[in-house]
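Listed here are the chains, written in short residue letters.
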Amino acid sequence: PTLIFEEHYNIEEGSPIDIWVEVEEKKLRFSVNGKVAEVEHAEIPAQFQIGFTACEGINRFFRFDVEE
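Okay, so let's go over this structure. Please read all numbers here as calculations on a predicted model, not as lab measurements. (Residues numbered from 1 in each chain as written. Predicted model: local features only at pLDDT ≥ 70, side-chain atom pairs only at ≥ 80, totals over all residues. Heavy atoms only, no water.)

**A few points about the pattern of salt bridges**
Applying the stated rule across the entire model yields 5 salt bridges. Close ionic contact of K35 with E7 constitutes a salt bridge, the shortest N to O distance being 3.5 Å. In this pair, K35 sits in strand β3 (residues 35-40) while E7 sits in the segment before β1 (19-23), placing the two residues 28 residues apart along the sequence. You can call K35 partly exposed: its relative accessible area is 44%. Residue classification places E7 among the partly exposed positions, given a relative accessible area of 35%. Of the charged contacts, one joins R29 and E38 as a salt bridge, the two residues approaching to 2.8 Å between their closest N and O atoms. (Salt bridge = Lys/Arg side-chain N within 4 Å of Asp/Glu carboxyl O. Helix = DSSP H or I, 4+ residues; strand = E, 2+ residues; numbered from the N terminus. Buried < 20%, exposed > 50% of the residue type's maximum accessible area, 1.4 Å probe, protein only.)

**Some points on the pairing of strand β2 (residues 27-32)**
Two elements, β1 and β2, share 5 bridges in a ladder whose sense is antiparallel. By the bridge assignment, I19 is partnered in β2 with V32. Bridging between β2 and β3 involves 6 bridges; their strand directions are antiparallel. Bridge pairing in β3 places L28 opposite V39. Connecting β2 to the antiparallel partner β3 that follows it, the hairpin turn spans 2 residues, and N33 within it adopts a positive phi of roughly 50 degrees. (Pairing = 2+ DSSP bridges.)

**Structural notes on the environment of G34**
Within the secondary structure, G34 is located in the loop between β2 and β3. Overall, the relative accessible area of 60% leaves G34 in the exposed class. Considered as a pair, G34 and V23 are 11 residues apart in the sequence and their alpha carbons are 17 Å apart.

**Some remarks on the sheet that holds β3**
As summarised here, the arrangement of the 3 strands in space is β1-β2-β3, forming an open sheet in which the pairing is antiparallel. Each edge of the open sheet carries a strand with a single partner, namely β1 and β3. Neighbour-to-neighbour, the strand axes of this sheet turn through a mean angle of 15 degrees, independent of strand direction. (Axes fitted to C-alpha atoms, helices over the stretch in contact; angles between N-to-C directions.)

**Side note on the nonpolar core**
L28, F30, A37, V39 and I44 together form the largest nonpolar core, which totals 5 residues. Of all the secondary structure elements, the ones that give two or more residues to this core are β2 and β3. Look past the residues within four positions of V39 in its chain and what remains in contact with it is I4, F5, K26, K27, L28 and F30. (Core = buried A, V, L, I, M, F, W, Y, C linked by side-chain atoms within 4.5 Å. Contact = heavy atoms within 4.5 Å.)

Okay, structure coming up:
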């Protein structure tokens, strides 16, 4: 794994979080509660996985969609 971007967000406990990610050829565009960021990296492979870390405690997913 290669970390190409890291951001920390202050999220109010118990509040819903809206996250989306768009994948282009060598670029990722993403948003957390409306704060949009973009990162480009020449070595992003043709196939890869995207994930996020949900810290300690109970995590609830109200909706999770994947579109191609």
